[in-house]
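Survey of secondary and tertiary structure
Chain by chain, the residues run as shown.
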Amino acid sequence: TYFFQIMHFIRYAPFSFIYCILNKLLYSTTNKKLWRKNMNQEYEYIATLSPEEKKIFVESFCCMVCSDKKVAKEEIDFLKNIGKMYEIPEKDIVAIMKNLNREEVLAKVSTITERKKALQLIKELCYLANSDRGLDDEEIDFIIDMAERLNIENEKIKQINKWVLDKIVLLKTGDIILENE
């Protein structure tokens, strides 16, 4: 019986230990504050954008949506939500979509000189490009063109896109675990 007690302990102790640590982390006040802070931090940069920069971001998103010549429902939903966040009315987004000129948008993007803002734009473009379950060559080309205008290295684009994909997978996994799908 002693052998079985040891085997039971060896088999289940690591899970108990992990459970205790996760439980402590999940329910600690500090962790709740960190979680809220992280959720708020992701879009704090929007408040630092000028009205012209907000418009450039939204024009870039619209250009991305049209780059593969296929506008998916997820992309339209993204534009609607992001328009609200950037304080751009839906009618203005529709007007932008109708009068879109890729070269003009790329030229305007060059006016964004702060690296943190430029990295946020690339992050949002990666989210958008991956939102329709596929990253097309045209979307990749557009992100690369944008990054060149913003002086962002190819390696940094890869890092951002990997992080975005990891985050999407993590959120989808959470939905499955919580039976939200």
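Below or above, wherever it landed, is the structure these notes cover. (Residues numbered from 1 in each chain as written. Predicted model: local features only at pLDDT ≥ 70, side-chain atom pairs only at ≥ 80, totals over all residues. Heavy atoms only, no water.)

Closest axis-to-axis distance for the helix α6 (residues 102–109)/helix α8 (residues 137–149) pair is 8 Å, and the angle between their directions is 35°. The hand of the α6/α8 crossing is right-handed. Residue-level contacts link Arg102, Glu103, Leu106, Ala107 and Val109 of α6 to Asp141, Phe142, Asp145, Met146 and Arg149 of α8. Split into classes, the residues belonging to the contact of α6 with α8 amount to five nonpolar, no polar and five charged. (Axes fitted to C-alpha atoms, helices over the stretch in contact; angles between N-to-C directions. Helix = DSSP H or I, 4+ residues; strand = E, 2+ residues; numbered from the N terminus. Left-handed = near helix turned anticlockwise from the far one by under 90°. Contact = heavy atoms within 4.5 Å. Nonpolar A, V, L, I, M, F, W, Y, C, P; charged D, E, K, R; others polar.)

Glancing now at unusual backbone geometry. Positive phi values are uncommon outside glycine, yet Glu87 reaches one of about 60°. With respect to the helices, strands and loops of the structure, Glu87 is situated in the loop between α4 (73–85) and α5 (90–98). Positive phi, close to 60°, is recorded for Asn151, a residue that is not glycine. Position of Asn151 among the secondary structure elements: in the loop between α8 and α9 (154–177). By relative accessible area, which is 62% here, Asn151 ends up exposed. (Buried < 20%, exposed > 50% of the residue type's maximum accessible area, 1.4 Å probe, protein only.)

Time to look at the packing of helix α3 (residues 51–67) against α4. With their axes 11 Å apart at the nearest point, α3 and α4 run at an angle of 175° to one another. In terms of orientation, α3 lies roughly antiparallel with respect to α4. Across the interface between the two elements, Phe61, Cys62 and Val65 from α3 touch Glu75, Phe78, Leu79 and Ile82 from α4. (Parallel < 35°, antiparallel > 145°, perpendicular 65-115°, else oblique.)

Tracing the backbone shows Lys123 in helix α7 (residues 115–131). The buried category is assigned to Lys123, whose relative accessible area is 6%. In this structure, the C-alpha to C-alpha distance between Lys123 and Ile157, residues 34 residues apart in sequence, is 8.3 Å. For Lys123, the contacting residues outside a window of four places in its chain are Glu42, Tyr45, Ile160, Trp163 and Val164.

Here we come to the nonpolar core. In this structure, Phe61, Tyr86, Leu121, Ile122 and Leu125 are the most contacted members of the largest nonpolar core, which totals 39 residues. Contributions of two or more residues to this core are made by α3, α4, α5, α6, α7, α8 and α9. In contact with Ile122, other than residues within four places in its own chain, are Ile143, Met146, Ala147, Leu150, Ile152 and Ile160. (Core = buried A, V, L, I, M, F, W, Y, C linked by side-chain atoms within 4.5 Å.)

Here we come to the side chain of Asn130. Examined against the element boundaries, Asn130 turns out to sit in helix α7. A polar side-chain atom of Asn130 sits 2.7 Å from the main-chain carbonyl oxygen of Cys126. Not counting residues up to four positions away in its chain, the partners in contact with Asn130 are Leu135, Asn161, Val164, Leu165 and Ile168. (Polar contact = N/O pair within 3.5 Å; in protein donor to acceptor, adjacent residues only side chain to side chain.)

Quick look at α3 now. For α3, built from 17 residues, the straight-helix expectation of 24 Å at 1.5 Å per residue is met to within 8% by its first-to-last C-alpha distance of 24 Å. Most of α3 sits inside the fold, with 13 of its 17 residues counted as buried. (Expected span 1.5 Å × (residues − 1).)

Scanning all chains against the criterion turns up seven aromatic pairs. Members of the aromatic cluster, connected to one another through ring pairs, are Tyr43, Tyr45, Phe57, Phe61 and Tyr86. The ring of Tyr43 has Lys123 lying over it, and the distance from NZ or CZ to the ring centre is 5.1 Å. (Phe/Tyr/Trp six-rings, centres within 6.5 Å; stacked < 30°, edge-to-face > 60°. Lys NZ or Arg CZ within 6 Å of the ring centre and 35° of its normal.)

Below, the discussion takes up α6. Looking at α6, one finds that the buried residues are Val105, Leu106 and Val109. Looking straight down α6, one finds that the buried residues subtend no more than 100° of arc, so they occupy a single side. Residues of α6 that are buried in the fold lie against α3, α7 and α8. Of the residues that open α6, the one with a side-chain oxygen 3.0 Å from the backbone nitrogen of Glu103 is Asn101. (Arc of directions from axis to C-beta.)

Purely geometric stuff here, so don't read any function into it on its own.
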